[in-house]
Amino acid sequence: DAETKTTLLKEVNHRVQNNLAGVIGLLRAHERFGKGQAPSELSHTVDDIVGQVEGLALVHQMLSSTEWSPLPAGDLVSVVARFALKSLPPDKRVTLDTALPLLWVSPDQASSLALVLNELVTNTTKHALRDRTAARISIEATMADGEVRLTFCDDGPGYPAGVLSGDAKMAAASAAD
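This section reports on the structure supplied with the text. (Residues numbered from 1 in each chain as written. Predicted model: local features only at pLDDT ≥ 70, side-chain atom pairs only at ≥ 80, totals over all residues. Heavy atoms only, no water.)

Once that is clear, we can look at the side chain of Ser111. On the secondary structure map, Ser111 appears in helix H4 (residues 107-128). Residue classification places Ser111 among the buried residues on the basis of a relative accessible area of 13%. Leaving out residues up to four positions away in the same chain, Ser111 has contacts with Asn19, Leu56 and Val59. (Helix = DSSP H or I, 4+ residues; strand = E, 2+ residues; numbered from the N terminus. Buried < 20%, exposed > 50% of the residue type's maximum accessible area, 1.4 Å probe, protein only. Contact = heavy atoms within 4.5 Å.)

In an α-helix, one full turn covers 3.6 residues, which means residues spaced three or four apart are oriented alike. The end-to-end C-alpha distance of helix H1 (residues 2-33), which contains 32 residues, comes to 47 Å, matching closely the 46 Å that a straight helix rising 1.5 Å per residue would cover. Regarding H1, the residues found buried are Arg15, Asn19, Val23 and Leu26. (Expected span 1.5 Å × (residues − 1).)

Scanning the entire structure with this criterion turns up three salt bridges. A salt bridge links Arg136 to Asp97, with the nearest nitrogen and oxygen atoms 2.5 Å apart. One end of the pair, Arg136, is in strand S4 (residues 134-144); the other, Asp97, is in strand S2 (residues 93-99), and 39 residues separate them in sequence. A relative accessible area of 41% places Arg136 in the partly exposed class. Among the ionic pairs, Arg132 bridges to Asp155, the shortest N-O distance being 2.8 Å. Of the two residues, Arg132 is situated in the loop between H4 and S4 and Asp155 in the loop between strand S5 (147-154) and helix H5 (168-176); the sequence distance between them amounts to 23 residues. Given the relative accessible area of 38%, Asp155 is considered partly exposed. (Salt bridge = Lys/Arg side-chain N within 4 Å of Asp/Glu carboxyl O.)

Looking now at the sheet that holds S5. Two pairing modes exist for strands in a sheet, parallel and antiparallel, and in both the strands are linked by backbone hydrogen bonds. Ordered in space as S2-S4-S5, the three strands form an open sheet in which the pairing is mixed. The open sheet has two free edges, formed respectively by S2 and S5, since each of these has just one partner strand. Here the average twist between neighbouring strands, direction ignored, is 15°. With eight bridges connecting them, S4 and S5 associate as antiparallel partners. Opposite Thr142, over in S5, you have Arg149 as the bridge partner. Lying over the sheet, H4 contacts S4 and S5, oriented at roughly 20° with respect to S5. (Pairing = 2+ DSSP bridges. Axes fitted to C-alpha atoms, helices over the stretch in contact; angles between N-to-C directions.)

It is at 9 Å that the axes of helix H3 (residues 73-84) and H4 come closest, and there the two elements cross at 40°. Classified by the angle their axes make, H3 and H4 are oblique. The crossing of H3 and H4 is right-handed. Along its contact with H3, which presents Leu76, Val77, Val80, Ala81 and Ala84, the element H4 presents Ala110, Leu113, Ala114, Leu117, Asn118 and Val121. Looking at the contact of H3 with H4 residue by residue, the class counts come to ten nonpolar, one polar and no charged. (Parallel < 35°, antiparallel > 145°, perpendicular 65-115°, else oblique. Left-handed = near helix turned anticlockwise from the far one by under 90°. Nonpolar A, V, L, I, M, F, W, Y, C, P; charged D, E, K, R; others polar.)

Have a look at this one:
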């Protein structure tokens, strides 16, 4: 029993260190890309960071409650996505559709998946709801040849012309229109 508790304590310590390193990485990334932001933009950046850290804390809580066992991917996706949607204004609505077979997410994968998912859902609320009151998010997972493919789609307006092709001038012109 003592050996099990020691192993669990080492695992928890490792996870906390990884999460703190992740938080530091997020802060450094926002620092690099946020130089010269207006105060209102800086406030949004801080809100984004807080949301990302809260998402990590949520995953930490989920993993802690299962004694750092793998989590069902469907549970993780639903909890993180719904958490990211909690800050929607009352006049906005997002419908969340998921199709996730019984897949398990390791503790190592859980935090990364939560960060990515939080960012995707947050982007949907920022961009797909810009001129609308409702949006739809669809998240599904498929497994083939031992690999899992997670697909995230929303019904937002998409990228401006040229963004995905790498034509920055065309993208900037489209965004300005």
